[in-house]
Amino acid sequence: MGGIGLPLKCYLGIDVGSVSTNIVLMDENTNVLQSMYLRTNGQPVAAVQRGLKQISDKLPPHTVIRGVGTTGSGRQLTGIVVGADAVKNEITAHAVAASHLVPGVQTVLEIGGQDSKIIILRNGVVTDFAMNTVCAAGTGSFLDQQASRLNIAIEEFGDLALRGKTPVRIAGRCAVFAESDMIHKQQMGFNLEDILAGLCEALVRNYLNNVGKGKEILGPVVFQGGVAANAGMRRAFERAIGMEVHVPKYFNVMGAVGAALLARDAVARGGPTRFKGFGVADLEYRAGSFECSGCPNLCEVIEMAEAGQVIARWGDRCGKWSNALAAGAAAGHCS
């Protein structure tokens, strides 16, 4: 990789969510060299540090990181910690990744551990989207819970659902009702494969009636997120919308793929990368907050300290604290 003695120029994409933290290392030709899925466990900075450490240990000699992009709910925090060149929301990152891996994609179905979303693209541009963070029905955490209750490995869920010949009608509008309905169907004597197939179809109906309500679903259609590993869910989507559903190779780290692509575009416009280096994996970070009493807004200001020194503040509506910190950093840089 990169040739003998030649630098291997790469881009990092980091997607930090509530359930998982995904990191992708991509070369200049957009080939994914490494991909990593880690549990966030409520500690996004620690998860990112752990991931960077693992990636750095596997890097070949003469590797140069040209740019870093962050996305996900923890994108701002992570961007400050690592020194990101591009900090973008999940919709943008997922759309960019899907367009790159499946050219011409017009609909993106994304279901993760805690939420789900649909993205509508036309001519490569996002024209509409919707997210569902209210109900757990259909998300990865709900499927994990049901697999555990049924004493089957989550990896076997999809294959068992594919064996279902006559999917059982399951109430899928609510996670609680879906579970109680499954238990009722088991007690009535329906076989497991048909129940699982029925659950997949119920969850797809729930997704299309809520997240996809009012959206024009056109092909090519891409299914991504951790739940895309479930072949039963893919088949249920294909039956419901009447067209082929593509599951890309890196379906479970698409946000990170998009972030890496966005980082590449950002540094291509000029200027060196802001990446602080893999040494951030060994630094101590501490987050805190305080309430500003300077006006009736009583803003809760969040601050991040690196090795004991405050490096960022946000949450103040007027910019009193964040701007002062930025001005101080600029003055220190110029002196």
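Residues numbered from 1 in each chain as written. Predicted model: local features only at pLDDT ≥ 70, side-chain atom pairs only at ≥ 80, totals over all residues. Heavy atoms only, no water.

Engineer: Can you walk me through the pairing of strand E8 (residues 125–132) in this structure?
Structural biologist: Regular strands have side chains that alternate between both faces of the sheet. Taken together, the seven bridges between strand E7 (residues 116–122) and E8 define a ladder with antiparallel strand orientation. Across the sheet, residue Ile118 finds its bridge partner in E8, namely Ala130. As consecutive antiparallel partners, E7 and E8 are separated by two residues, and within that stretch Asn123 has a phi angle of approximately 55°, a positive value. (Pairing = 2+ DSSP bridges. Helix = DSSP H or I, 4+ residues; strand = E, 2+ residues; numbered from the N terminus.)

Engineer: Can you help me understand the packing of helix H3 (residues 90–101) against helix H9 (residues 254–268) in this one?
Structural biologist: The relative placement of two packed helices comes down to the angle between their axes together with the axis-to-axis distance. For the pair H3 and H9, the least separation of the axes is 7 Å and the interaxial angle reads 85°. When the interaxial angle is binned, H3 and H9 end up roughly perpendicular. Between H3 and H9, the residues in contact are Thr92, Ala93, His94, Val96, Ala97, Ala98, His100 and Leu101 and Met254, Gly255, Val257, Gly258, Ala259, Leu261 and Leu262, respectively. Per-class residue counts for the contact of H3 with H9 are 10 nonpolar, five polar and no charged. (Axes fitted to C-alpha atoms, helices over the stretch in contact; angles between N-to-C directions. Parallel < 35°, antiparallel > 145°, perpendicular 65-115°, else oblique. Contact = heavy atoms within 4.5 Å. Nonpolar A, V, L, I, M, F, W, Y, C, P; charged D, E, K, R; others polar.)

Engineer: Explanation requested: the pattern of salt bridges in the structure shown.
Structural biologist: Once their charged atoms are close, side chains differing in charge can pair, the charge on each being opposite to the other. The tally for this structure, following the rule as stated, stands at 11 salt bridges. Among the ionic pairs, Lys117 bridges to Glu110, the shortest N-O distance being 2.9 Å. Among the ionic pairs, Arg122 bridges to Glu216, the shortest N-O distance being 3.9 Å. Of this pair, Arg122 sits in strand E7 while Glu216 is found in the loop between helix H7 (192–210) and strand E9 (221–224), placing the two residues 94 residues apart along the sequence. (Salt bridge = Lys/Arg side-chain N within 4 Å of Asp/Glu carboxyl O.)

Engineer: Sorry if this is basic, but what is going on with the state of the cysteines here?
Structural biologist: What the rule picks out here adds up to zero disulfides. You can see Cys295 has no disulfide; the closest cysteine sulfur is in Cys299, sitting 5.6 Å from it. The structure places no disulfide on Cys318, whose sulfur is separated from the nearest cysteine sulfur, that of Cys295, by 6.1 Å. (Disulfide = S-S within 2.5 Å.)

Engineer: Sorry, what's going on with the side chain of Lys215 here?
Structural biologist: By the element assignment, Lys215 lies in the loop between H7 and E9. Look past the residues within four positions of Lys215 in its chain and what remains in contact with it is Ile118, Ile120, Asp128, Phe129 and Ala130.

Engineer: What is the right way to look at the layout of surface pockets in this model?
Structural biologist: Over the atoms, a rolling probe the size of a water molecule traces out where space has been left empty. Here the largest pocket defines a volume of roughly 920 Å³. Secondary structure elements with two or more residues in the lining of the largest pocket: strand E1 (8–16), strand E2 (20–27), strand E3 (32–39), H3, helix H4 (140–149), helix H5 (154–162) and H9. Split into classes, the residues belonging to the lining of the largest pocket amount to 11 nonpolar, 18 polar and nine charged. (1 Å grid on protein atoms, 1.4 Å probe; cavity = no way out; pocket = protein on both sides within 12 Å on 5 of 7 lines; lining within 4 Å. Points joined across faces, edges and corners; volume = space filled by probe spheres on them.)

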